[in-house]
Amino acid sequence: MKKTMQKPILAVGPFHPLQEEMEFFQLTVDGEIVTDIDARISYNHRGIEKISETLQFDQVPFLVSRVCGICSASHPLAYVQAVEDIVGVQPPERALYVRTIINELERVHSHMLWVGLAGHFIGYDTVFMWAWKYREPVLDLLEEITGNRNNYGNVKVGGCREDIPNELKPKILKELDGVEKKTEMLTKAVLDDPILHARLKGVGVLSKEDAIAYAATGPTVRGSGIAIDVRQDDPYAAYADLDWNVISQPEGDVFAKTVVRLLEVLESLKMAKEAVTKLPDGPIATEVKEIPPGEGCGRAEAPRGETFHYVRSDGGNRPIRHKIRAPSYVNVPSFKASCIGQHIADVTITLAAVDPCYSCTERLAVVDGHNNIIHDYETLLQMSREKTARIKKEIGAPEFKMEDI
Amino acid sequence: MLQEELKNRLSEVKDKLIGIEETTERRIYLLCEAENAHAVNKFLFEDLALRFVIATGIDSDDCFEILYHFSNDETGCVITIKAFIRDREKPSIESITPFLPGAEWIEREIHDLLGIDFENHPNLRRLILADDWPEGVYPLRKACPERSEGTKK
């Protein structure tokens, strides 16, 4: 007789107030250890690729900026670069700098958002409050430049729609100096913190080989020692003119990804300031009248990784095919490599570490197949905190004091 | 791998291609028939160690096209394999997921949206479409109506 044993399944998702998107993970668990993971996506499929075929080339940037609220500068940028690849047009210098500034400010506020959420997920709300507070001036700047905190709607084929007025330059530089000082303080505090070392090191390791096999991108692979970055590899906008470095860390764990993001914030602030200082004079758009038949690929480094757009034109005024690949599409499947073998209490932060802005702590219900015990959010948070305390005791980490910062 | 070396290495799979197009300095398209796509993909991923970006499925009028986009991160070149599936009745192509796990989702997605069968795919379940979506209706095919009869006003 065939013996069957039902494996306990732990459900993460699909809905959570903190999430931008709905995703559903089924974790197969053996006691505390995760043995398999299955993801279900597309709870919020909006058919954007299909809608894009019904819009004119000029209308599509407004559509694709709604692919993701946080990446609402990189998606339209990747799209217009794909169309510019078809047309073979080069936007004016000033437009390239304006694009760079907006995209770097986007990266700063997106990474700060992640740092805050990551702190919150591991029960460290001080980091959450700091990061989100320091993120605010960046959003205010974006609002002043483009009119919106998100969904900037500022790029078009051949250039930009709105300029950054020269009078605004001193204010931007002053605000960014302020943000930089605070971010440096936050970075030092986070990297010096023994609790975070104990909690995040060695957790959710994505090896270099797995990162390549799953074709992952962005800070997710830069935390695994692969220094790829579209801004450097296939330079677009004004990135080739600026002085900056690609940040990478070899370890592949959640801590490495945190370090990468925090250092990238500082790097982005430096780039944004340099771009504002160097902002050349001139027009901000080249007129593009017709899109010839052809096909083009455009890509941009969004905060989460490479955003890829493929556009095909038949010479009419609408794309006949528009493919969008958001970075999370290749980062999320890498959970299969990084979550298996982990403790349940570590899974949420591992899921959050690729920054799909996703973690489901509050709706996490652990069903133990043998005893039918259900752990709610509070219990899991408690378990997570107990683990931190245990590890801290094991490694003899000193008590954390606010005055030390 | 530098651009020159890349072009030299590409000649190794020349007999499997029906054409090479270079639209710009950093965009190369390799045209091939569906039955050769698996071998060319394997060559780009394993022998040339290029990074897989994504695949695009297109309903062209007389055939289906699957575009496999790869990136050479050293030169910023995007190399796209354009595979033509001529059989419109029962379109199928060999899956690349067995050696490239990063392609699992996109092959499932193209299967959902265009109805293309990926042979030897380990897990060709629905990814994008809802559970109650009718069988045999493929939203990205040109023949697919924009709204189904039920919702038309």
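Here goes a summary of the coordinates provided. This one's a predicted model, so the numbers in the text were calculated from it and none came from an experiment.

Calculation notes
Residues numbered from 1 in each chain as written. Chains lettered and ligands numbered in written order. Predicted model: local features only at pLDDT ≥ 70, side-chain atom pairs only at ≥ 80, totals over all residues. Pairing = 2+ DSSP bridges. Helix = DSSP H or I, 4+ residues; strand = E, 2+ residues; numbered from the N terminus. Axes fitted to C-alpha atoms, helices over the stretch in contact; angles between N-to-C directions. Contact = placed C-beta atoms within 7 Å. Buried ≥ 20, exposed ≤ 12 C-beta atoms within 10 Å, placed from the backbone. Core = buried A, V, L, I, M, F, W, Y, C linked by C-beta atoms within 7 Å. Domains from an automatic or database assignment.

Moving on to the sheet that holds strand β2 (residues 24-30) of chain A. Residue and element names in this part refer to chain A. If you trace the 3 strands from one edge of the open sheet to the other, you get β1-β2-β3, paired in antiparallel fashion. In the strand order of this sheet, the two ends are held by β1 (9-12) and β3 (33-40), each with one partner. Averaged over all adjacent pairs, the angle separating strand axes in this sheet is 25°, with direction ignored. Bridge count for β1 against β2 is 4 bridges, and the pairing is antiparallel. Note on β2: the bridge partner recorded for Ile9 is Thr28. Sitting on the sheet, helix α14 (residues 344-353) touches β1, β2 and β3, and the angle it makes with β2 is about 150°.

Moving on, we come to unusual backbone geometry. All names here are of chain A. Positive phi is not limited to glycine here, since Asn151 has a value of about 55°. Residue position: Asn151 is located in the loop between α5 (125-146) and β4 (155-156). A positive phi angle, near 55°, is found at Ala215, a position not held by glycine. Relative to the assigned elements, Ala215 resides in the loop between α8 (208-213) and α9 (219-222).

Residues and elements named next belong to chain A. Here we have 3 strands laid out as an open sheet, ordered β6-β7-β8, and antiparallel in their pairing. Edge positions in the sheet fall to β6 (294-302) and β8 (319-325), since each of these pairs with one other strand and no more. Across this sheet, the average inter-strand angle for adjacent strands is 15°, counted without regard to direction. Relative to strand β7 (residues 305-313), β6 runs antiparallel, the two being bridged by 9 bridges.

With that out of the way, let us pick up the pairing of β7(A). All names here are of chain A. The buried count for β7 comes to 9 of 9 residues, which makes it a mostly enclosed element. Hairpin remark: β6 followed by β7, antiparallel, with 2 residues in the connecting loop. Taken together, β7 and the strand that follows it, β8, pair antiparallel across an intervening segment of 5 residues, in which Gly315 is found at a positive phi of about 95°.

As a further point, take the nonpolar core. With 147 residues, the main nonpolar core has Val83(A), Ile101(A), Ala275(A) and Ile66(B) as its most contacted residues. Shared between two domains, this core takes at least three residues from each, and those domains are domain 1 (9-43 + 331-404) and domain 2 (69-326) of chain A. Ignoring anything within four residues of it in the chain, the contact list for Ile66(B) reads Ala37(B), Ala55(B), Gly57(B), Ala83(B), Ile85(B), Ile93(B) and Ile110(B).

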